[in-house]
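The residues making up each chain are set out below.
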Amino acid sequence: MATVQTIVEPFRPYNSTCGYCKSNRNTNFQSASLQAYHMSCSVYQRMIDRGWRRSGLFCYKPDLKRSCCPQYTIRLDATEFEASKSQRKLINRWNRFVFGGDSGAGEDTAISRPRKGKGSSNEPQFVLEDAIHASENALNDPAHVFEVTLEPSSYSDEKFALFQSYEKHIHKNPGKISEDFKRFLVETPLQREPIPYPSTPPAHLPSHYGSYHQLYRLDGRLVAVGVIDILPGCVSSVYFMWEKEYEKLSLGKLSALREISLAKEFHDAGVPQLKHLYMGYYIYTCQKMKYKGEYSPSFLADPEDFTWHPLPACQRELDRFRYACFAHPEHSLEGPPPSLGIEPPPKIPEKNLSHVRYFIGTREDPSRVVPVTKSKYWKNQMSREGLLYVVEHLGVDLSQDVLFLP
Ligand SMILES: [Zn+2]
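Note that the coordinates shown come from a computational prediction; the quantities given were computed from them, not determined experimentally.

**Brief notes about the domain arrangement of the protein**
Taken domain by domain, the protein consists of domain 1 (7–70 + 302–404) and domain 2 (82–153 + 188–278). Here the C-alpha centroids of domain 1 and domain 2 sit 33 Å apart. Taken together, the contact between domain 1 and domain 2 spans 16 residues of the former and 18 residues of the latter. Each partner contributes to the roughly 1400 Å² buried at the junction of domain 1 and domain 2, and carbon and sulfur atoms together form 59% of this total. Looking only at domain 1, the three residues that lose the most surface to domain 2 are C41, Q45 and R54, adding up to 43% of its buried area.

Now the structure itself:
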């Protein structure tokens, strides 16, 4: 049992119009969903490793079999990451911009800091962390002052103004209010827990797991914010928003490279498991989401047994099948999704539920829990079925580390 309690309210699954292929006839289904009020970072790590994802306090697990645009969990191993030529160019271009226009000044001194490479080549070796941090607090009178800081997720008018501008200009969604921003990008169920560094980490690394905002400031002005979760096994990207006037500098791609670097820096500071970047869902059918596959080596989670499979092999399957099962190719499906409606409630033998508990605490007695099958709520079909969907998609082991609200 995790030391931090996790308390969730199960919901019945739902379906919604697909937002990826923009066809209002197509539907994407969820297998399960819940509202999390309190969640340990290790429980959430295990959830995303089973295909879940959070949006604010709300957590959901897409049903890939029933969806026109299946959403596969993707992750990148930051310790093995090799920046492509265009990714290196992108970082160098940003650094040139910060150091002094597009003249290329500073390229040799600060951007590709020479290191004796392992190979025989005389070319300076590209070191991602060095290249990423070169533009911060640069010396020698740079054209711009660029600063990146990490802080626990919180509301500020400045961040909200950036969110509003980003939604309006980039997503053509005007009229966002501060409640939208708070619900979607500030609220989190994740409880801050200390990161087990073996010794004092570099000053820019945070001390705790949890939900963060990474603030990008240019000459003091907030120009971008990355919303990330820092978990026992990964940095998980939630959202990234930027000022439209910097569109040409590809801040979105730069942020992914910065987050890869961050994961590697945790690993190198002595937290060996924390070495992945999770970029959310990889959606093969959606052109706009394909960029997530441009970082190598990436892996997709199998939709049935949640083992990890190298992206290039997965892409070959996704070329052939709408629903691709990488661990059991014989389960893959072609053609449009069956119009089956929402999956019927799962059947789980009661004996497997003996350690699954309802939280029925009160102010006087906050610790009260009761086995679900011994509870009066178990007799109510609606609440029983809602719970069973969630238990089925968390798996029995993980369900034992969660307390359910009836
Ligand atoms: Zn679709």
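That shown, we press on.
**Some words on the coordination of the zinc ion**
The coordination sphere of the zinc ion, as far as protein atoms go, consists of C18 (SG), C21 (SG), C68 (SG) and C69 (SG), spread over 2.2 to 2.3 Å. Sequence spacing among the residues donating to the zinc ion works out to C-x2-C-x46-C-C.

**A short note on the UniProt feature "domain: N-end rule aminoacyl transferase C-terminal" (unreviewed entry) in the protein**
This chain's UniProt record puts "domain: N-end rule aminoacyl transferase C-terminal" (unreviewed entry) on residues 158–300. Taken end to end, residues 158–300 has its terminal C-alpha atoms 36 Å apart, with 27% of it in helix and 30% in strand.

**Let's talk about the nonpolar core**
Counting residues in each nonpolar core, the largest one holds 103 residues, and the members touching the most others are M47 and F404. Residues from two domains meet in this core; each of domain 1 (7–70 + 302–404) and domain 2 (82–153 + 188–278) gives at least three. Excluding its chain neighbours within four sequence positions, the residues that come into contact with F404 are V8, P10, V356, R357, Y358, F359, L387, V390, V391, L394 and S399. Within the second largest apolar cluster, 7 residues are counted, among which are C18, C68, I283 and C286.

**Here we look at the packing of aromatic side chains**
This structure, assessed with the given rule, holds 22 aromatic pairs. Taking 6.3 Å as the distance between ring centres and 40 degrees as the angle between the ring planes, the aromatic pair formed by F146 and Y216 counts as tilted. On the criterion of sequence distance, the pair formed by F146 in strand β7 (residues 146–152) and Y216 in strand β9 (residues 208–218) is long-range, its members being 70 residues apart. Taking NZ or CZ as reference, K290 lies 4.6 Å from the ring centre of Y284, over its face. Directly above the aromatic system of W378 lies the positively charged group of R384, at a separation of 6.0 Å from the ring centroid.

**Let's talk about unusual backbone geometry**
Residues S296 and P297 are joined by a peptide bond in cis, for which omega reads 5 degrees. By the secondary structure assignment, P297 is in the loop between β12 (276–282) and β13 (298–301). With phi around 55 degrees, K172 is a residue other than glycine that occupies positive phi space. Residue D219 is not a glycine yet carries a positive backbone phi of 50 degrees. Structurally, D219 can be placed in the loop between β9 and β10 (221–231).

**A look at the packing of helix α2 (residues 85–100) against helix α7 (residues 251–268)**
Two quantities define a packed helix pair, namely the angle between the axes and the distance from one axis to the other. With their axes 10 Å apart at the nearest point, α2 and α7 run at an angle of 105 degrees to one another. One element, α2, and the other, α7, form an angle in the roughly perpendicular class. Between α2, through Q87, L90, I91 and W94, and α7, the contact on the second element is made entirely by L251, K253, L254 and L257. Among the residues forming the contact of α2 with α7, the class breakdown is 6 nonpolar, 1 polar and 1 charged.

Each value, and the rule that gives it
The residue count restarts for each chain, going from 1 along the sequence in the order it is written. With the structure being a predicted model, the display of local features is reserved for residues of pLDDT at least 70 and the display and counting of side-chain atom pairs for 80 or more, all residues being used for whole-chain, interface and lining totals. Excluded from the side-chain calculations are hydrogens and water; all other atoms, namely the structure's heavy atoms, are used. A domain assignment, automatic or from a database, supplies the domain bounds used here. We call two residues contacting when some pair of their heavy atoms lies within 4.5 Å. Throughout, buried area stands for the accessible area (probe radius 1.4 Å) lost by two parts on being put together, summed over both. In this listing, donors mean N, O and S atoms no farther than 2.8 Å from the metal, or 3.2 Å for Na, K and Ca; water is missing from the atoms, so a site can look incomplete. UniProt positions are given in the numbering used here, feature names are shortened, and annotations may be inferred rather than shown by experiment. Every helix listed is a DSSP run of H or I at least four residues long, and every strand listed is a run of E at least two residues long, numbered separately from the N terminus. We define the nonpolar core as a collection of buried residues of types Ala, Val, Leu, Ile, Met, Phe, Trp, Tyr and Cys that are connected through side-chain atoms lying within 4.5 Å of one another. Burial classes follow relative accessibility: with a 1.4 Å probe on protein chains only, a residue under 20% of its type's maximum area counts as buried, one over 50% as exposed, and anything between as partly exposed. When the centres of two rings from Phe, Tyr and Trp lie within 6.5 Å, Trp using its six-membered ring, the rings pair. Their planes under 30 degrees apart give stacked, over 60 give edge-to-face, and anything left gives tilted. Distance and angle both matter: a charge sits over a ring if NZ of Lys or CZ of Arg is within 6 Å of the ring centre and within 35 degrees of the ring normal. To get an axis, a line is fitted to the C-alpha atoms, and for a helix only the part in contact is used. The angle between two axes follows their N-to-C directions and goes from 0 to 180 degrees. Any angle that is under 35 degrees is reported as roughly parallel, and any over 145 degrees as roughly antiparallel; angles of 65 to 115 degrees are reported as roughly perpendicular and all others as oblique. For this classification, the nonpolar set comprises Ala, Val, Leu, Ile, Met, Phe, Trp, Tyr, Cys and Pro, the charged set comprises Asp, Glu, Lys and Arg, and every other residue, Gly included, is treated as polar.

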